[in-house]
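Understanding the architecture of this molecule
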There are 2 protein chains.
Amino acid sequence: MKLTILGCYSATPRALTNTTSQVLEINNHMFLIDCGEGTQVHLRKHKIKFNRIKHVFISHLHGDHFFGLVGLISTFRLLKREADLHVYGPKGIKEIVTLQMKLADSWTNYNLYFHELSSKESQLVYQDDVVEVHTIPLEHRIYTNGYLFKEKEGERKLNVDLAEEANINVAYYRKLKQGFDVENEDGVLIRNESVTSDAEKPKSYAFCSDTVYKEDIVPIIKDVDVLYHESTFLEKHAHLGPKTKHSTAKEAASIAKQANVGTLVLGHFSTRYGGLDGFKTEAEEVFDNVKLSGDGKVFDFS
Amino acid sequence: MKLTILGCYSATPRALTNTTSQVLEINNHMFLIDCGEGTQVHLRKHKIKFNRIKHVFISHLHGDHFFGLVGLISTFRLLKREADLHVYGPKGIKEIVTLQMKLADSWTNYNLYFHELSSKESQLVYQDDVVEVHTIPLEHRIYTNGYLFKEKEGERKLNVDLAEEANINVAYYRKLKQGFDVENEDGVLIRNESVTSDAEKPKSYAFCSDTVYKEDIVPIIKDVDVLYHESTFLEKHAHLGPKTKHSTAKEAASIAKQANVGTLVLGHFSTRYGGLDGFKTEAEEVFDNVKLSGDGKVFDFS
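This one's a predicted model, so the numbers in the text were calculated from it and none came from an experiment.

1. Let's talk about the overall build of chain A
Scanning chain A from terminus to terminus reveals ten helices and 18 strands. Counting all 302 residues of chain A, 57% fall into the buried class. Partitioning the contacts of chain A with sequence separation of at least 6, the portion at a separation of at least 24 is 63%. Carbon and sulfur atoms provide 46% of the accessible area of chain A, an area that totals close to 13100 Å². Counting 37 positive and 42 negative side-chain charges, chain A places the averaged centre of each group 8 Å from the other.

Rendered as structure tokens:
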């Protein structure tokens, strides 16, 4: 599981700071999460192949999280993309994009699907054989979802040497990987555990931005490997949190602790502070494993 | 008169090439012309004060000319702008921006005026004491206007030494600047030309992008000091012009020659070519004074 931060600052794009966008690679999928202005350029800078992105998840309709979407969709068209593209985001996102296509007389040549969200409960919005994606209802000034990406439980790992030694016919290997006991060539029942080991623990990633401190999300993101949680403010501006519906680094850490996550990645920093060290220091008062995101940073969680 | 090119490439923004946007400074005005994705960041890089921009002119609703507009408007709001902002552009531009404001629940705190255009004739769209702006109807795949920026005829320059010598009361200086003859303190009629000289020649700038080769614009832009004309293609791709409704460098030069302009600035280059030299060479076969735009280039036409 690999996370590339294209932008991690709040409010407005600047010469040296980008607004929110990130790419999550998980089990051969490449998911784009949020799409602030300039995202297509940042994807190019990171040499991320446009065609590998088939799913875009938008948290909410504030500009710093989606003003780059229409440009990305339009560029895909100009580059003669053929692969389908699925966009998940709040109700209204389809109208915004299609209105601009209509006025530009520029419809996509590829299939573009919008999955508009309006539920306030966590929903399964995507799944295939290997991953599933759920919404994480957040509380912000407008309707907002985080997203939970989870690998599905994989097959058990077969030790082929042990299986051969146990004289099991290869026709049964599939059943062994699925966890069944099988009979060997001599009619002896072989216990699954004697020739297989546990599947790798499925990885999981929770993206939570933007939101006020909200303990309701704890059960949804319980035990995830990695939590990206917004931390717009330091403690000295904690009073701005409830008003603007943002969180502090310490609040993000408190959520991470309650949810027993593996790693907390902080982001969505206000640009009012000189540096980012304060975010880490304040979060570490509450939770041990804290990382700071940064534009262009790549995290390998394999 | 000063022209700052923020972006001069066609189609899509890339790591090293920006889409169309430029700032024209003329007679203490700062006009933003087109606003491709990322324009707000390029304005910051050039340290152009946002508050000095009061008028934005959009040629047409293809993304490479306006996808940065909603972000700019939104950023002005976040920065608590108070000055009015006027946006000129094709019908539909207001709906695109206001739909996104509505869904973001983020209305501007400053006055935002849209001046939507749909006429196919050249129109006066803005004027004050010192400048006027006219549309230049262009022919592209969708409704498109160029813009003609013209200083108004200034007042005559008064030579105060000569006026004093001629014993003219200062109360008459205003009339002298306006071109009138006046009586001096001794009742003698003083001819205006004896104490004043001609006003500086008013400057003019025509922005023409995007358009197929279109001689109809020649009378509108006749004798302008500077013409920015799109030149998407070199001659070897001239056949693409009529189809995509773009021009070649040579066609831009032909328009410049027919209109007897002072300087031709080429732009809106396709990124398919290795460099830009070919554009200049081909245009110079037809017209002498050719300049190439470039992202970040500043032209001083004073």
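Picking up after the structure, the text goes on.
2. Some details on the pairing of strand E15 (residues 226-230) of chain A
Residue and element names in this part refer to chain A. Burial analysis of E15 places five of its five residues in the buried class, the great majority of the element. Where burial is concerned, the two faces of E15 agree: the one with Val226, Tyr228 and Glu230 and the one with Leu227 and His229 are both buried. With four bridges joining them, strand E14 (residues 204-208) and E15 adopt parallel strand pairing. Considered in E15, the bridge of Ala206 is made with Leu227. Pairing geometry for E15 and strand E16 (residues 263-267), over five bridges, is parallel. Counterpart to Tyr228 in the pairing with E16 is Val265.

3. Describing the UniProt feature "binding site: Zn(2+) 1" (unreviewed entry) in chain A
Residues and elements named next belong to chain A. Residues annotated in UniProt with the feature "binding site: Zn(2+) 1" (unreviewed entry) correspond here to His60, His62, His140 and Asp210. Taking the farthest pair of C-alpha atoms as the criterion, the annotated set spanning 151 residues converges on one region, since that pair is 10.3 Å apart. If you trace the backbone, His140 turns up in the loop between strand E8 (131-138) and strand E9 (144-151). Take His140: its relative accessible area is 7%, and that puts it in the buried class. Each residue touching His140, except ones within four places of it in the same chain, is listed here: His60, His62, Asp210, Thr211, Thr244, Lys245 and His246. Engagement of the side chain of His140 in a polar contact is seen with the side chain of His62, the distance being 3.3 Å. Judged by its relative accessible area of 2%, Asp210 is buried.

4. Topic: the interface of chain A and chain B
Opposite the 34 residues of chain A that make contact, chain B presents 34 residues. For the pairing of chain A and chain B, the buried interface totals around 2800 Å² over both sides, and the portion due to carbon and sulfur atoms is 64%. Per-residue buried area on chain A facing chain B is highest for Glu37, Phe67 and Leu103 of chain A; these three make up 20% of the total on that side. Linking chain A to chain B there are zero salt bridges. Counting the contacts that link chain A with chain B gives eight residue pairs in polar contact (both at pLDDT 80 or more).

5. Focus on the domain arrangement of chain A
What the domain assignment lists for chain A is domain 1 (2-154 + 200-300) and domain 2 (157-196). On a C-alpha basis, the centroid separation for the pair domain 1 of chain A and domain 2 of chain A is 43 Å.

6. Some words on the pattern of salt bridges
As enumerated under the stated definition, the model contains 22 salt bridges over all chains in all. Note that Glu193 of chain B and Arg191 of chain B form a salt bridge whose closest N and O atoms lie 3.9 Å from each other. Linked by salt bridges that have partners in common, Lys2, Glu25 and Arg52 of chain A make up one network.

7. Focus on the relation of the copies chain A and chain B
Rotating chain A by 179° about the axis while translating it 0.0 Å along that axis superimposes it on chain B, leaving an RMSD of 0.1 Å. Look at the turn and shift together and you get a two-fold axis relating the two. Proximity to the rotation axis, assessed at the C-alpha, singles out Gly38 of chain A in chain A; its C-alpha lies 2.9 Å from the axis. When the interface residues of chain A are mapped onto chain B, 100% of them are again interface residues, pointing to one common binding face.

8. Topic: the pairing of strand E14 (residues 204-208) of chain B
Residues and elements named next belong to chain B. Counted residue by residue, E14 has five buried out of five residues, so it is predominantly covered. Judged from the four bridges that link them, strand E9 (residues 144-151) and E14 form a sheet pairing that is antiparallel. Paired with Phe149 across the bridge in E14 is Tyr205.

9. Quick notes on the side chain of Glu151 of chain A
Residues and elements named next belong to chain A. With respect to the element layout, Glu151 can be found in strand E9. One buried charged residue, Glu151, forms no salt bridge at all, with the nearest opposite charge on Lys203 at 6.6 Å. Within the structure, the side chain of Glu151 is placed 2.8 Å from the backbone nitrogen of Lys203, a separation counted as a polar contact. With sequence-adjacent residues up to four places away left out, Glu151 is seen in contact with Ile26, Asn27, Val130, Val131, Lys201, Pro202 and Lys203.

What counts as what
- Residues numbered from 1 in each chain as written.
- Chains lettered and ligands numbered in written order.
- Predicted model: local features only at pLDDT ≥ 70, side-chain atom pairs only at ≥ 80, totals over all residues.
- Heavy atoms only, no water.
- Helix = DSSP H or I, 4+ residues; strand = E, 2+ residues; numbered from the N terminus.
- Buried < 20%, exposed > 50% of the residue type's maximum accessible area, 1.4 Å probe, protein only.
- Contact = heavy atoms within 4.5 Å.
- Areas by Shrake-Rupley, 256 points an atom, 1.4 Å probe, with all protein chains shown as cover.
- Lys, Arg positive; Asp, Glu negative; His and termini not counted.
- Charge placed at Lys NZ, Arg CZ, Asp CG, Glu CD.
- Pairing = 2+ DSSP bridges.
- UniProt positions renumbered as here; feature names shortened; annotations may be inferred.
- Polar contact = N/O pair within 3.5 Å; in protein donor to acceptor, adjacent residues only side chain to side chain.
- Buried area = accessible area lost by both parts, 1.4 Å probe.
- Salt bridge = Lys/Arg side-chain N within 4 Å of Asp/Glu carboxyl O.
- Domains from an automatic or database assignment.
- Least-squares fit on C-alpha atoms with pLDDT ≥ 70 in both.

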